[in-house]
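# Structural overview for review
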Amino acid sequence: MIKPKSTIQPWSFPTVAADFAQRHPADDVELWRKLLTRVMDAAQANGWNKAEVGRRAGIKEGTFSQWSNGNYPGTLANINEQVSNWLEALEESASIAASIPVSPMFVKTNVGQDIFNVLMFTQMTAGFTAVTLPSGSGKTTTARHFCNTRPHAWLATISPNTKTVHGMLVELAAELDIQEHNPTRLARAIGRRLQRIGDGTLLVIDEAQNLVPDAVNQIRHFVDIYKCGVALLGNEDTAVSFIKDKGSVASRAQVATRFDRRLKREKDPVQDAAMLIRAWHIEDKDCVTFLHGIATKPGALRNIDRTIKAAMMAALGNGEELNMNYLVAAWRNRDMGDIL
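Residues numbered from 1 in each chain as written. Predicted model: local features only at pLDDT ≥ 70, side-chain atom pairs only at ≥ 80, totals over all residues. Heavy atoms only, no water.

## Notes on the environment of Gly112
Applied cut-off: Working definition: helices are DSSP H or I runs of at least four residues, strands are E runs of at least two. Numbering for both runs from the N terminus. Only protein chains enter the accessibility calculation, which uses a 1.4 Å probe; a residue whose area is less than 20% of its type maximum is buried, one above 50% is exposed, and one in between is partly exposed.
Tracing the sequence through the fold places Gly112 in helix α6 (residues 110-125). Gly112 gets classed as buried once you look at its relative accessible area, which sits at 1%.

## Regarding the nonpolar core
Note the cut-off: Here, the term nonpolar core denotes a set of buried Ala, Val, Leu, Ile, Met, Phe, Trp, Tyr and Cys residues that are joined through side-chain atoms within 4.5 Å. The contact definition used throughout considers only heavy atoms, calling two residues in contact when any of these lie within 4.5 Å.
In this structure, Ile190, Ile205, Leu211 and Val230 are the most contacted members of the largest nonpolar core, which totals 29 residues. Only β1 (128-132), β2 (153-157), α8 (165-175), α9 (183-194), β3 (202-206), α10 (213-226) and β4 (229-234) provide two or more residues apiece to this core. Looking at which element gives the most residues to this core, the answer is α10, with six residues. When neighbours within four sequence positions are excluded, Ile205 is seen to be in contact with Ala156, Ile158, Leu172, Leu211, Ile219, Val230, Ala231, Leu232 and Leu233. If you look at the next biggest cluster of nonpolar residues, it comprises 21 residues, including Leu36, Ala43, Trp67 and Val83.

## Section: the sheet that holds β4
Rule in force here: By the convention used here, strands pair only if DSSP detects at least 2 bridges between them. Only C-alpha atoms enter the line fits that serve as axes; for helices the fit covers just the stretch in contact. Angles between N-to-C directions range over 0 to 180 degrees.
Strand order in the open sheet formed by five strands is β2-β3-β4-β1-β5, with parallel pairing between adjacent strands. Only two strands of the sheet have a single partner each, and these edge strands are β2 and β5 (261-263). Direction aside, the axes of adjacent strands within the sheet are offset by 15° on average. Note that β3 and β4 share four bridges and pair parallel. Bridging across to β4, Ile205 finds its partner in Leu232.

## Notes on the pairing of β1
Counting buried residues in β1 gives five out of five residues, a clear majority hidden from the surface. Side chains Phe128, Ala130 and Thr132 of β1 all project onto a buried face; the interleaved residues Thr129 and Val131 project onto the opposite face, where all are buried too. As paired elements, β1 and β4 share five bridges and run parallel to each other. Its bridge partner being in β4, Thr129 is matched across the sheet by Ala231. As judged from the three bridges shared by β1 and β5, these two strands associate in the parallel manner. Residue pairing for β5: Thr129 is matched across the bridge by Arg261.

Taken by themselves, the reported measurements are silent on function.
The following block contains the structure:
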């Protein structure tokens, strides 16, 4: 989703009163000018107002306001030192963050293409589909990319705390930006937002294996009544609890027979792993072989990505290139078991 632009107004450098310059040593005033310029740059870059900067710097709001307005009556050097220490810590954190390896942009693996196609089908046909692949196969990454690049598509993640009908509805309302405080009207408000528009709407439910049977039935209701597409993403247990539930046979049949398409198998996991490894620009044969070994473990693509990232951070910290030793150490530190 596109983040809204910051509405924080740019700071303007204050007009320094004559008594401020006379009250404090010239060196302290000059340092204050330099520090305030850096603070204003940081605030503008991050969308922080004065109160937020003061909070982050650990300075009382009134004190920071006086300091930033150029009328602080106390010892200027003390506040200058606090601000200087905060700026150094902020810049150090930014430097560390910039050096952290970033995963490649979305890699359209074979399984990613299959998932993408299912989501496209679901949105265009107002279908009810399920993607039940092993953990770490790229379901969430693909769904997030799809929703970020397609209009009228939303991704909501279900946790053990939001698995009930009401918990799920609250989660959906937050994702769809719906403000409805009356629980009896919540489902209808969500349905209206999901109602078919133009090329169709799509709701992707991630970690759907957590849903209780009644929550799955509520989702089926959205599909039938509001003509929106819904895709359930999860492991092999997704919707199984509903189908095995001892409640209404008719209700179970409505869901069990309602799926328009199911994706349950990865087409070529070995090739998918190779594509991800190439996207990381890793060419050393030993490293590639080792990473292919990781691909045979549960959570294949996710484990490859996280192991490479941890290994690269360690290598960069030592000023070295990624090599086999760093990959092995990263895998062992994650305590994921032996490769062979």
